[in-house]
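Here is what each chain is made of, one letter per residue.
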Amino acid sequence: MNPFKTLLLLSSLLLGLTIPSCIVVQSNKTQTIQQGSHKLMSPTLGGKLFTSAWMQRSAEYKALCQQAYNIATERLLAATSNPRNKGKRWAIVTDIDETIVDNSANSVHQALKGEDYSQSSWDHWCDLGEAKALSGAVAFFRLADSLGVSIYYISNRDEVNKPGTKRNLIALGFPQVDEEHFMFRDASRQSDKTKRRNEVLRTHEILMLLGDNLGDFDHFFDVRDEAKRDEGVKLFAEEFGRRFIILPNPNYGTWEPAMNGGYPSLNDKDQKLRTILRSHK
Ligand SMILES: [Mg+2]
């Protein structure tokens, strides 16, 4: 079937179901489901509902996350047990969203309101502290902590999101959740993580980086250019599954502005998506 028709059909099917009983939504009890609203027929929002269902319901998503953390564990044990590495100050750099926690409940909440991502709704979600840990994540970071490895949470969450994030990660059992190890986006709101990675490198050797967005690994990928980003995958091919541990995120990422040429309105995004999907027969 044409992928566009498939997406529309799946969106319609999803919207026809009693969604709260099958997909987790954040605990905003005032939310109502606008079934039949034309906004809900947005292929962008329908897509986010479907990818969220995959993240929340499929065993495959859990297995992929576990696989990433199994590889990370092997790398961690190999490095820390090697006598030649004795005395090294190791650090692990990790992103937070869709790398150690699952925020799909917020995507569902927004999509059911007929809205795309917004900063204010994101801040509210972070304050709730309801994100769930990805399979394998807590065990991996607790092992790293027990082996004396420093963990730096380099996230593009903002300073204002720190209290809710700390509460959330501590409740889930993540270690080293403190001011020293939280490197969030500063007031300049620059998403480029290079400066923060370099700060870690001043005192530590980075054993590995974990992320769901390629910019979590190298600034090369912080571009709105699909061909350039594809070129980077070839350039850094040897690093994936070694120094770069990537987690699956079908919901959002820099691939979206790269595909859309920036951050257009939801309506413009939908138009663009329809065009793209129709061109792939
Ligand atoms: Mg992320």
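None of the values given here were measured: they were computed from a predicted structure. (Residues numbered from 1 in each chain as written. Predicted model: local features only at pLDDT ≥ 70, side-chain atom pairs only at ≥ 80, totals over all residues. Heavy atoms only, no water.)

A.B. asks: In this structure, what is going on with the pattern of salt bridges? I would like to understand it.
C.D. replies: Side chains that differ in sign of charge can pair as their charged atoms come close. In the structure shown here, the tally under the stated rule is 15 salt bridges. Taking the shortest distance from any N to any O, the salt bridge between Glu179 and Lys162 comes out at 2.5 Å. With Glu179 in the loop between α7 (162–172) and β5 (182–185) and Lys162 in helix α7, this pair connects stretches of sequence that are 17 residues apart. With relative accessibility at 7%, the residue Lys162 sits in the buried group. The shortest N-O distance in the salt bridge between Arg243 and Glu239 comes to 3.2 Å. Residue class for Arg243 comes out partly exposed when judged on its relative accessible area of 31%. (Salt bridge = Lys/Arg side-chain N within 4 Å of Asp/Glu carboxyl O. Helix = DSSP H or I, 4+ residues; strand = E, 2+ residues; numbered from the N terminus. Buried < 20%, exposed > 50% of the residue type's maximum accessible area, 1.4 Å probe, protein only.)

A.B. asks: I keep staring at the layout of surface pockets and nothing clicks. Help me out?
C.D. replies: Rolling a probe over the atoms, with the probe sized like a water molecule, indicates the empty space that remains. Space inside the largest pocket adds up to approximately 1300 Å³. Taken together, 43 residues make up the lining of the largest pocket; nearest its centre are Tyr117, Ser191, Tyr252, Gly253 and Tyr263. Those elements that provide at least two residues to the lining of the largest pocket are α2 (43–57), α4 (104–112), α5 (119–128), β4 (150–158) and α10 (255–260). Per-element tally for the lining of the largest pocket: the top contributor is β4, with 4 residues. Empty space within the second largest pocket amounts to approximately 370 Å³. Taken together, 19 residues line the second largest pocket, and the ones lying closest to its centre are Met183, Phe184, Asp186, Arg196 and Glu199. For the lining of the second largest pocket, the secondary structure elements donating two or more residues are β5 and α8 (194–201). Residue composition of the lining of the second largest pocket, by class: 5 nonpolar, 3 polar and 11 charged. (1 Å grid on protein atoms, 1.4 Å probe; cavity = no way out; pocket = protein on both sides within 12 Å on 5 of 7 lines; lining within 4 Å. Points joined across faces, edges and corners; volume = space filled by probe spheres on them. Nonpolar A, V, L, I, M, F, W, Y, C, P; charged D, E, K, R; others polar.)

A.B. asks: Can you walk me through helix α3 (residues 59–81) in this structure?
C.D. replies: Think of an α-helix as 3.6 residues a turn; residues three or four steps apart then line up on the same face. For α3, built from 23 residues, the straight-helix expectation of 33 Å at 1.5 Å per residue is met to within 8% by its first-to-last C-alpha distance of 32 Å. Buried within α3 we find Tyr61, Cys65, Ala68, Tyr69, Ala72, Leu76 and Ala79. Its buried side turned inward, α3 meets α2, β1 (90–94), α6 (137–146), β6 (205–211) and β7 (244–246). (Expected span 1.5 Å × (residues − 1). Contact = heavy atoms within 4.5 Å.)

A.B. asks: Would you explain the nonpolar core in this entry?
C.D. replies: Nonpolar side chains tend to gather and get buried jointly when the protein is soluble and globular. Ile100 and Phe174 are the most contacted members of the largest nonpolar core, which totals 37 residues. Looking at this core, the elements with two or more residues in it are α3, β1, α5, α6, β4, β5 and β6. The leading source of residues in this core is α3, at 7 residues. Other than its neighbours up to four places away in sequence, Ile100 contacts Tyr69, Thr94, Asp95, Lys132, Ala133, Leu134, Ala137, Phe141, Tyr153, Leu169 and Phe174. Listed in part, the 14 residues of the second largest apolar core include Ile154, Met183, Leu214 and Phe221. (Core = buried A, V, L, I, M, F, W, Y, C linked by side-chain atoms within 4.5 Å.)

These values are about where atoms sit, not about what they do.
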